[in-house]
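In case you want the letters, here they are:
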Amino acid sequence: MEPITPSFNNIKNVGLPDFCFLEHLDENEIMNNISTRFHKDHIYTYIGEQVVSVNPFSKKEHLYSDQTLKSYHNMYMYEVPPHIYSLAQDTYKKLLLTKENQCIIITGESGSGKTEASKILMEYITKASINNKINEKANSATLDRSEIIMKLIMDSNVILEAFGNAKTLKNDNSSRFGKFIEIEFDEKGAPISGKIQQFLLEKSRVHTRAIGERSFHIFYQFLTSKEITSKFQLSDDPSYYRYLKDSMCFNVSNINDGREFKLVGQALQSLGWTQEDLDSMYRILGAVLLIGNLEFCNDQEKANVDAVNVKNPSILKKIAALLDCNEDQLEKSLISRSLTLGVSKRKSSIRVLLNTNQAMETRDALAKVLYDRLFNTIIEKINKAISSDIDRKNIESMIGILDIYGFEVFENNSFEQFIINYSNEKLQQLFINLVLRQDQEEYIKEGVEWKFMDNYFDNTPIIDLIEGQPVGLLKLLEEACLIGQNTPELLIQKMNQFFGKHNHFESYETTNNLSITNQSFTLKHYAGSVTYNLEQFIYKNKDPLYQDLINTMQSSKNNFLLSLFQLDFLKASNQQTGAKKIPTTMASQFKVAINDLIGKLNSCQPHYIRCIKPNDEKRPGHFDYERVKHQIRYLNMLETVRVKKAGYCNRQHYTRFLARYKMIAPATWPFWNGTVKDGAMEIAKVLIPSPIDRQAECQFGKKKIFIKSAKTLFHLEELRSKQMPKVCIIIQRHWRGYQARKWYKSELARLQQEKEEIQKQILRKKSVAKIQNCYLRYRIRTYFKKLQPWAVGPTYCKGKAIPTLWPKKSALEDLIQVIHITWWAKMKVCSLSMEQRALVRQKILALDLFGMGYFKKKEWDCRRKFSADYLSDDSNPKKLQFSEAVQLLFQKGGDKEILFADNVVKINKRGKSQLRTLIITDQHIYKYDSKKYTQKKVGLKIHSIVALSTSNKRDTFLSIHFKAPVRDLFIDLGCDSVEKVSEVSTNLVQQVFKLTGTTIPLLFREPLTFNNSRDSRTSGTDFVISFAHYPKGKEQRQCTFVKGKANTAVIYYPID
C-alpha cells in the first residue's frame, strides 16, 4: 500500500523507506537500498514494524530536533518516515492500549550504535509520557513525579556510560557490560518507577586490555580534575599509572573527558549522592589506579621459600591511606594467603607465602573487586533513587530496553568475548523464534499461501554446544574450575573428547587450521567464526576473591567502602559458622542471568532495532559494502524482509474475529448461522468490497484470518467503534466435528470385526509362547540340578567341565563356563575388606612388574605386607617428630596422603652415601634429615618421573629417573635388611598413572645408569653401576655401595 504522508515522496532518489516495498527481493536489492539511503543521510529504514539503524559516525542534529520529535507524537508507524521515534511511539501506544509489558531489543555488533539508540529511545519515551499526562490533565504531583523519574533514568545513563563504557579497537564508546532498563508505568501510562539490571561487567579491563584501547572512561575523566587529584595527592598524568599506561592510549578525539566528568558529577548529585559519598568514590578510583603501580621483589630474609615483599612501600602507604585501612594488614593480604584446615574443633589456619606471580594476581584481584563493588553499588543507588516511595501495586506495565554487548571478534579473544558472544547467540535465537520461525510455521499450519523459508541460520546447535545438558562447553568449564590443578591443555582435551566432531567446534586436533593453537578453540557463531584463547579462561571464570582481602576491607574505617562489601562480610561470617559451599563462577552466574532475561523478554511484546556498522574505521559517510553485507547476513535481514513482505500485520482466530467484528456486516448481525470462517468472509466483504483488493489484503487460513496491512486493520477498528452497541458473541458447532462423528458411527461395525480378528491372532501367539516358555524352564531346572556341585564350596568344582544344556554344545555352555569362573573369583574377592582389596591390587601390579616363578625378573617377597608408613610405628623413637614434620608438610604442599615413608640411603652426586628419610606422598617425593626431620630441598613432583630402573640381582637399590633438568634419585631401600624395592616401585607406577594417565616403565639393567648431577645449566654425567656378590669371608646382610674411579661404582649384595 502506497504511503500517504509527504515524507515518503521522491523515494527513487532516497531509497525505499521500508524494505518490504522492494519489488525484487534479494540481497543486492537490500544492499543497494540501504546504501542509497545512507548516502542521502537517511540512516533509518523499516522492516515492517522493525527499525534498521545505520551508524553515521557523526552528529545528525536535524534528526533529533524538538520539531522532529513532536512530529511523531500519536502517529502510526506507516504514517511517518522511519525513525527510532516511530518505534518508541508504537511501543508506548501498545503499552497504553493493551496494558501488556513491552520490550525493545537492540541488536548489532560492537560499534553499530546500540548505546546511542537506547538513549534516543529513552528521550522519546520521556517526552511522550509527559505529553500524554498533559493531554489527560493529570495533577501536578503526578506530572512532576514522571518528569523526575525520567530525568533520573536519563542521568543514570550518563553515569553508567562513564563507569561501564570504554574505547575498544572497534568502538570509541563500547558498552563493556549489558544492561536491561525497565521503565515502569501506572495504569494511565505515567512513568512512576524504574529498575536497571546489569550483566557481566568486564572487570579485567581495569588491569589489562589490547594495545590501542582504553580502560573505563571514568578513570580518564577523574584525572582531568586538578582539584580532586591534588586533594588526594594523586598524579593527573594517566601515563603515571601502569593500569592505564600498558595499552598506550589516553585520549579519544571525539570524547572530552573533562566535560563528561562534570556531567557525571551533576548526575550523581541529582541521584542524591553527598559530597562524602563522592569523596569516598574518588578515593576508591585513586586506590585502584595506584594498586596497579605496586611491584614485588623477592624476600631476601626468606631464602629457603619463594616469598616476596612490596618493592615500593610508599605506594602501599598511599593506597592504605585512600582506603583508610591498616597498612600492615593490606601488605600481608597481598603477599600471603591464609588457608583454613579442618572443621569444628579441629579447625586451624595457616598462612602461605605467595610468589611474585601469585602476588600480582592478588593485586589485580583487589583492583577488580574494588571497581566491581563500586559499580554494583552505583547501580543499587540508582535503582533506589528511581524506585523510592512507590507502591508496587500501582505498577500496571513496563517498557524494557535491552542494551547488551555486541558481537565481538578481536585478535585475542578471551573469556569475556566468549560470554559476550554467548549472550548474542541467545538474543539471536530469541529473534529467530519470535520473528522468523513462528510466523512461517503458523502460515504453513494455517494453509495460507506461503513458501516456507528454511535457509536462515538457525543457531540452536551452537547454543546447545555452549550450554547443553548434560555436557556443554559451560559445563566443562565449571568442572575445570572445581579441579584445582586443571590446565587449559586438559580443558581442551575434554572439549575435543565431547565435541571434536561437532559441526560448529574446531580445535588444534580436529582441524588443519594452523591459526588454532593447542590452547585455543574456534566456534562457528551465527555472526562468523571466533577463535578463543583458553589461557585465562579458568582463572577469569573462577574470579577469586580471597578472604584476606575481605578481612582487610573490613578493617577500613570508611563507611562507604564498608558498604561495598557488606554481602562479602556476611558470606564470610556464614562460612565460618557453617559448611563451605562451592563458589559460584562467573559463567554460571551469567547463564542464570541471561536465561532469566530471555524469560522476561518472552513475557513481553517485543520490538526490534537492528543496528549496522557501515565500516570498521569509524569514518563518517563511508559505506563498506562487504562489511555491511556480512552484518545483513548474520542479522537474517533478507529472511526477515521475506517474512514481513509476504506476511501479515495482524492475525486472529475466526471465532474471536467474528465475535469482535460481527456487528460490521448486516449478514452476521445479530446472529450468524454459518461457519465462523464464512462469517469472517462476510465481514471482509463489507470491509473491502473489491474482490481483488480483498484477496490482496485478507487471507483465510484453517483457523485464522490474516490481514495484510496496518491501514486495513485501523479501518476495521474504526468501523467497529461505530457499531459497539451491537456487540454480542455466539459460538457455533464445527462442521468438521460433525463429519468426524458421522464417519465413526458408519465404520463402527467393521472396526469391531477387525478388532476381534486381531485379538484371536494375538491369543494364538501367546499360547505358542507359553508352551515354549514352560519347556525351556523345565530344561533349565534340570540343567541347574546338574550344576549344583559347581555351586558348593570351598572348591566349587573349579577346573572340571560343566555339563551341557543341549545334546550339541553351543556358545551358551562356553559363556556359562566363563560366568562360573568369574563368579568363583567374585566369591573370593568379596570376602576381602576394601583395604585388603587395595593391597591385593598392589600385589598384582607388583607381580606384573617383578614376575613370579619361571618368569621372575627380580627376587621379591610377595608375602610381605606393604605397610607404606614405616616411621609412624611405635618402634620409631622419633615418631612424634616425624608426625609433626608430616603435618607441616601437608599444610604447605597440598599433599593428602603418604604412600611410603622409611629411612633410606641416598647416593649423592659425589658418590657418597647419606642416610635420609624418604616420604612419598600422592604428589611429591620428599627427602628429610633422618635425625631432625627437616626437609632437604624442595619436593620432587611425581608426575615428572619418566622411568624406574633396578637390577635383576638380590640388591635393594632403585633408581628413579625424572624429566631433565631434575636430577635422578638413586636410593638403597634395604636399611633394615627388608626388600622394599617392590613396594616403592609399585606405588610410584600406580601414582604416576593416576596423575598423568601414563604407565612408566620399570627397567631391569646391568650395568645400571643414572644421572644425579645435572641441573638447569649443565647436563651432568651418568653414574655406571655394576653388581657383584660379597667376597668370601666379607658377607653382610645389607647391600653396600662402593664408588670406583670417575663415575663408576660397584654394589655388593648377599648371596642368600
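Naming follows an unreviewed UniProt entry, where the protein appears as Myosin IE of Polysphondylium violaceum. Per its UniProt entry, the protein bears the Sequence similarities (unreviewed entry) comment "Belongs to the TRAFAC class myosin-kinesin ATPase superfamily. Myosin family."

Moving on, we get to the overall build of the protein. Regarding its fold elements, the protein presents 34 helices and 31 strands. Here the C-alpha radius of gyration of the protein, 40 Å, is well above what a compact globule of 1056 residues would show, namely 31 Å. With respect to the three principal axes, the spread of C-alpha positions in the protein is 130 × 100 × 55 Å. Counting across all 1056 residues of the protein, residues that qualify as buried make up 48%. Sequence-distant contacts in the protein: of pairs separated by 6 or more residues, those separated by 24 or more amount to 65%. Carbon and sulfur atoms provide 53% of the accessible area of the protein, an area that totals close to 53700 Å². Side-chain charges in the protein split into 152 positive and 117 negative, and the spacing between the mean points of these groups amounts to 8 Å.

Turning next to the pattern of salt bridges. One pass over the full model with this rule turns up 39 salt bridges. A salt bridge links glutamate 116 to lysine 119; the shortest N-O distance between them is 2.8 Å. Here the residue glutamate 116 and the residue lysine 119 both occupy positions in helix α5 (residues 114-135), the gap between them amounting to three residues, near one helical turn. Relative accessible area serves as the criterion here: at 22%, lysine 119 is assigned to the partly exposed category. The residue arginine 363 makes a salt bridge to aspartate 364 at a minimum N-O spacing of 3.1 Å.

Another aspect to go through is the sheet that holds strand β3 (residues 102-107). As summarised here, the arrangement of the seven strands in space is β1-β2-β16-β3-β12-β6-β7, forming an open sheet in which the pairing is mixed. A strand with exactly one partner marks an edge of an open sheet, and here the two such strands are β1 (44-47) and β7 (191-199). Looking at each pair of strands side by side, their axes are set apart by 20° on average, direction ignored. The pairing of β3 with strand β12 (residues 397-403) spans five bridges and is classified as parallel. For isoleucine 105, the partnering residue across the bridge sits in β12 and is leucine 402.

Moving on: the side chain of histidine 207. Within the secondary structure layout, histidine 207 lies in the loop between β7 and α7 (217-222). Filtering out sequence-adjacent residues up to four positions away, histidine 207 remains in contact with Tyr243, Asp364 and Lys368.

Annotation from UniProt places "coiled-coil region" (unreviewed entry) at residues 741-768. In the segment residues 741-768, helix accounts for 100% and strand for 0%; the C-alpha atoms at its two ends are 40 Å apart.

Reading across from one edge, β23-β22-β21-β20-β26-β25-β24-β27 is the order of the eight strands in this open sheet, with mixed pairing throughout. Here the strands that pair on one side only, and so sit at the sheet edges, are β23 (935-941) and β27 (1002-1004). Strand-to-strand twist of the sheet, defined as the mean angle between neighbouring strand axes without regard to direction, takes the value 30°. In the packing of helix α34 (residues 981-996) onto the sheet, contacts are made with β20 (898-907), β21 (913-921), β22 (924-929), β24 (945-950), β25 (957-962) and β27, and the angle to β24 comes to roughly 160°.

Consecutive side chains along a regular strand alternate between the two faces of the sheet. With six of eight residues buried, strand β16 (residues 605-612) is to be regarded as a mostly interior element. Sheet topology note: the β3/β16 ladder contains six bridges and is parallel. Following the sheet pairing, isoleucine 106 is matched in β16 by isoleucine 609.

With that settled, the discussion passes to helix α30 (residues 735-786). Helix length check: α30 (52 residues) gives 72 Å between terminal C-alpha atoms against 76 Å at 1.5 Å per residue, within 8%. Along α30, the largest kink reaches about 50° and is centred on leucine 748.

Below, the discussion takes up the state of the cysteines. Scanning all chains against the criterion turns up zero disulfides. As a non-bridged cysteine, cysteine 604 has cysteine 103 as the owner of its nearest cysteine sulfur, 4.6 Å distant. For cysteine 604, a relative accessible area of 6% gives the class buried.

A surface patch of positive charge is lined by Lys909, Arg910, Lys912, Lys937 and Arg1017. Note that arginine 1017 resides in the loop between β28 (1008-1010) and β29 (1023-1029).

On to the environment of arginine 736, then. As for its position among the elements, arginine 736 is in helix α30. Arginine 736 sits in the exposed class, given a relative accessible area of 63%. Sequence separation between arginine 736 and glutamine 605 is 131 residues; the distance between their C-alpha atoms is 34 Å.

With 17 residues, helix α23 (residues 586-602) should cover 24 Å at 1.5 Å per step; its first-to-last C-alpha distance of 24 Å lies within 8% of that length. For α23, every residue scored as buried is listed here: Met586, Ala587, Phe590, Ala593, Ile594, Leu597, Ile598 and Leu601. All buried residues of α23 lie within an arc of 140° about the axis, which places them on one face of the element.

Bringing a nonpolar patch on the surface into the picture now. On the surface, Trp743, Tyr744, Leu748 and Leu751 cluster together to form a nonpolar patch covering roughly 420 Å² of accessible area. Here tyrosine 744 is to be found in helix α30. Using a relative accessible area of 47% as the deciding quantity, one classes tyrosine 744 as partly exposed.

Examined against the element boundaries, lysine 94 turns out to sit in helix α4 (residues 84-98). On the basis of relative accessible area, lysine 94 is assigned to the buried category, the value being 16%. Excluding its chain neighbours within four sequence positions, the residues that come into contact with lysine 94 are Glu49, Lys99, Gln102, Gln605 and His607.

Calculation rules
- Residues numbered from 1 in each chain as written.
- Predicted model: local features only at pLDDT ≥ 70, side-chain atom pairs only at ≥ 80, totals over all residues.
- Heavy atoms only, no water.
- UniProt positions renumbered as here; feature names shortened; annotations may be inferred.
- Helix = DSSP H or I, 4+ residues; strand = E, 2+ residues; numbered from the N terminus.
- Rg over C-alpha atoms; globule rule 2.2 N^0.38 Å.
- Buried < 20%, exposed > 50% of the residue type's maximum accessible area, 1.4 Å probe, protein only.
- Contact = heavy atoms within 4.5 Å.
- Areas by Shrake-Rupley, 256 points an atom, 1.4 Å probe, with all protein chains shown as cover.
- Lys, Arg positive; Asp, Glu negative; His and termini not counted.
- Charge placed at Lys NZ, Arg CZ, Asp CG, Glu CD.
- Salt bridge = Lys/Arg side-chain N within 4 Å of Asp/Glu carboxyl O.
- Pairing = 2+ DSSP bridges.
- Axes fitted to C-alpha atoms, helices over the stretch in contact; angles between N-to-C directions.
- Expected span 1.5 Å × (residues − 1).
- Bend = angle between axes of the 7 residues up to and from the residue.
- Disulfide = S-S within 2.5 Å.
- Patch = residues over 30% accessible without salt bridge, like charges linked within 9 Å, V, L, I, M, F, W, Y side chains within 5 Å.
- Arc of directions from axis to C-beta.

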